[in-house]
Amino acid sequence: MSPRAAAARTRAPLVAVREVSVAFGGINALNGVSFDMQQGQILGLIGPNGAGKTTLFNCLSRLYQPCRGDILLDGDSILKRPAHKIAEIGIGRTFQNVALFGNLSVRDNVRVGAHARSSSDIVSDALRLPWVRRGEAKTNATVDEILDYLALHEVADLAVAGLPFGTQKRVELARALAAEPKILLLDEPAGGLNHEEVFSLGALIRRIRDERGVSVLLVEHHMGLVMSIADHVVALNFGRKLAEGPPGAVQNDPEVIKAYLGSKQP
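As the structure is a computational prediction, the values presented were derived from the model and not from experiment.

1. With respect to the overall build of the chain
So, point 1. Of the regular secondary structure elements, the chain holds 10 helices and 10 strands.
So, point 2. When each of the 266 residues of the chain is scored for burial, the buried share is 49%.
So, point 3. For the chain, long-range pairs separated by at least 24 residues make up 68% of all intrachain contacts whose partners lie at least 6 apart in sequence.

Structure follows, in structure tokens:
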């Protein structure tokens, strides 16, 4: 566990998931799931297909509404906030299948993320009021800084659709970071990446947490990545919490091995 994550245990949780349940017809996608996520933590959320991981992510990003339970950010419920307002309170997200604007440039896609924190409106923009111009200057500075941080400046003015998949994943991460989130939700970020790219991704996620102070909630099937970077792991199966704790303890939990890992890992 990193010193940052260890110190976080003495504080109130950044995110508190409390008895969250989601049902689709007669199917319980989540059934009374609870856990805490601390400030400065990288938390890995694991489980087999259909375990409820993405459903929980969709509750956190307000795409789904739980039928029971609550989700708190800094002690306040997020469940009355619509999805298009979620970035304002510090929640950023990437998707398993990249959700970028393919015909726009890398720069413009990242600018979309930065505008999530903007307070401008159509009338102010049309009148080019001074505070709008100041806001645009701040947005441009933020975009340039993120492009440099993620080594995207060389492709900044290229259309996203023509870029390699690994680069598109970095663009989506850049867009999420441009909104200056407190917590970053990463949905299968290693999907479609080769071994070298996965290794680089793990180092990048740790760097984002350490250098930018962003807590990370990670849904990932790549167990090597999760176990190498997570401070804390929550395992789900059939919509219920199966195990929770440090990566090594969860990896060696008999129920987790039975449900997900298949066999005990060396």
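And the narrative resumes.
2. Quick look at the sheet that holds strand E2 (residues 27-37)
So, point 1. A sheet is described by the order of its strands in space; here 4 strands give the open sequence E2-E1-E4-E5, paired in antiparallel fashion. Across the chains shown, the open sheet's two edge strands, defined by having one partner strand only, are E2 and strand E5 (76-77).
So, point 2. The sheet contact formed by strand E1 (residues 15-24) and strand E4 (residues 68-73) spans 5 bridges and is antiparallel. Bridged to Val 15 within E4 is Leu 73.
So, point 3. Against the sheet, helix H2 (residues 53-60) makes contact with E1, E2 and E4, and its axis sits at roughly 115° relative to E1, the strand it touches most.

3. Digging into the nonpolar core
So, point 1. Grouped together as the largest cluster of nonpolar side chains are 45 residues, with contacts concentrated most on Ile 46, Val 106, Val 110, Leu 150, Leu 152, Leu 173 and Leu 177.
So, point 2. If you tally residues by element for this core, the top one is helix H6 (residues 165-178), at 6 residues.
So, point 3. Both domains that meet at this core, namely domain 1 (14-90 + 181-265) and domain 2 (102-180), each give it at least three residues.
So, point 4. In this structure Leu 150 touches Arg 170, Leu 173, Ala 174, Leu 177 and Leu 204, once residues within four positions along its chain are discounted.

4. Quick look at the sheet that holds strand E8 (residues 215-219)
So, point 1. If you trace the 6 strands from one edge of the open sheet to the other, you get E6-E7-E8-E3-E9-E10, paired in mixed fashion. Taken across any chain shown, the strands that pair with only one partner, and hence form the sheet edges, are strand E6 (91-93) and strand E10 (240-245). The sheet shows a mean angle of 20° between the axes of neighbouring strands, taken without regard to direction.
So, point 2. Pairing of strand E3 (residues 42-46) with strand E9 (residues 232-237) involves 4 bridges; the strand directions are parallel. Among the inter-strand pairings, Leu 43 is bridged to a residue of E9, identified as His 232.

5. A closer look at the packing of H6 against helix H7 (residues 195-212)
So, point 1. It is at 12 Å that the axes of H6 and H7 come closest, and there the two elements cross at 10°. Classified by the angle their axes make, H6 and H7 are roughly parallel. Across the interface between the two elements, Gly 166, Leu 173 and Leu 177 of H6 pack against Glu 197, Leu 204, Ile 208 and Arg 212 of H7.
So, point 2. Per-class residue counts for the contact of H6 with H7 are 4 nonpolar, 1 polar and 2 charged.

6. Things to note about the pairing of strand E7 (residues 183-187)
So, point 1. Of all 5 residues in E7, 5 are buried; the element is thus mostly enclosed.
So, point 2. Side-chain alternation along E7 places Ile 183, Leu 185 and Asp 187 on one buried face and Leu 184 and Leu 186 on a second face that is also buried.
So, point 3. Alignment of E6 against E7, held across 3 bridges, turns out to be parallel. Residue pairing across strands places Gly 92 opposite Leu 184, the latter belonging to E7.
So, point 4. In the sheet, E7 pairs with E8 via 5 bridges, with the strands oriented parallel.

7. Here's the deal with the side chain of His 232
So, point 1. Its place among the elements puts His 232 in strand E9.
So, point 2. Assessed through its relative accessible area of 9%, His 232 is described here as buried.
So, point 3. Among the polar contacts listed, one links the side chain of His 232 to the side chain of Glu 244, at a separation of 3.0 Å.

8. A few points about a nonpolar patch on the surface
So, point 1. There is a patch of nonpolar side chains on the surface, built from Phe 101, Leu 104 and Val 112 and spanning about 230 Å² of accessible area.
So, point 2. Assignment of secondary structure puts Phe 101 in the loop between E6 and helix H3 (106-115).
So, point 3. The exposure class of Phe 101 is partly exposed, given its relative accessible area of 44%.

Criteria and cut-off values
Residues numbered from 1 in each chain as written. Predicted model: local features only at pLDDT ≥ 70, side-chain atom pairs only at ≥ 80, totals over all residues. Heavy atoms only, no water. Helix = DSSP H or I, 4+ residues; strand = E, 2+ residues; numbered from the N terminus. Buried < 20%, exposed > 50% of the residue type's maximum accessible area, 1.4 Å probe, protein only. Contact = heavy atoms within 4.5 Å. Pairing = 2+ DSSP bridges. Axes fitted to C-alpha atoms, helices over the stretch in contact; angles between N-to-C directions. Core = buried A, V, L, I, M, F, W, Y, C linked by side-chain atoms within 4.5 Å. Domains from an automatic or database assignment. Parallel < 35°, antiparallel > 145°, perpendicular 65-115°, else oblique. Nonpolar A, V, L, I, M, F, W, Y, C, P; charged D, E, K, R; others polar. Polar contact = N/O pair within 3.5 Å; in protein donor to acceptor, adjacent residues only side chain to side chain. Patch = residues over 30% accessible without salt bridge, like charges linked within 9 Å, V, L, I, M, F, W, Y side chains within 5 Å. Areas by Shrake-Rupley, 256 points an atom, 1.4 Å probe, with all protein chains shown as cover. Salt bridge = Lys/Arg side-chain N within 4 Å of Asp/Glu carboxyl O.

Function-wise, these values are silent; they only describe arrangement.
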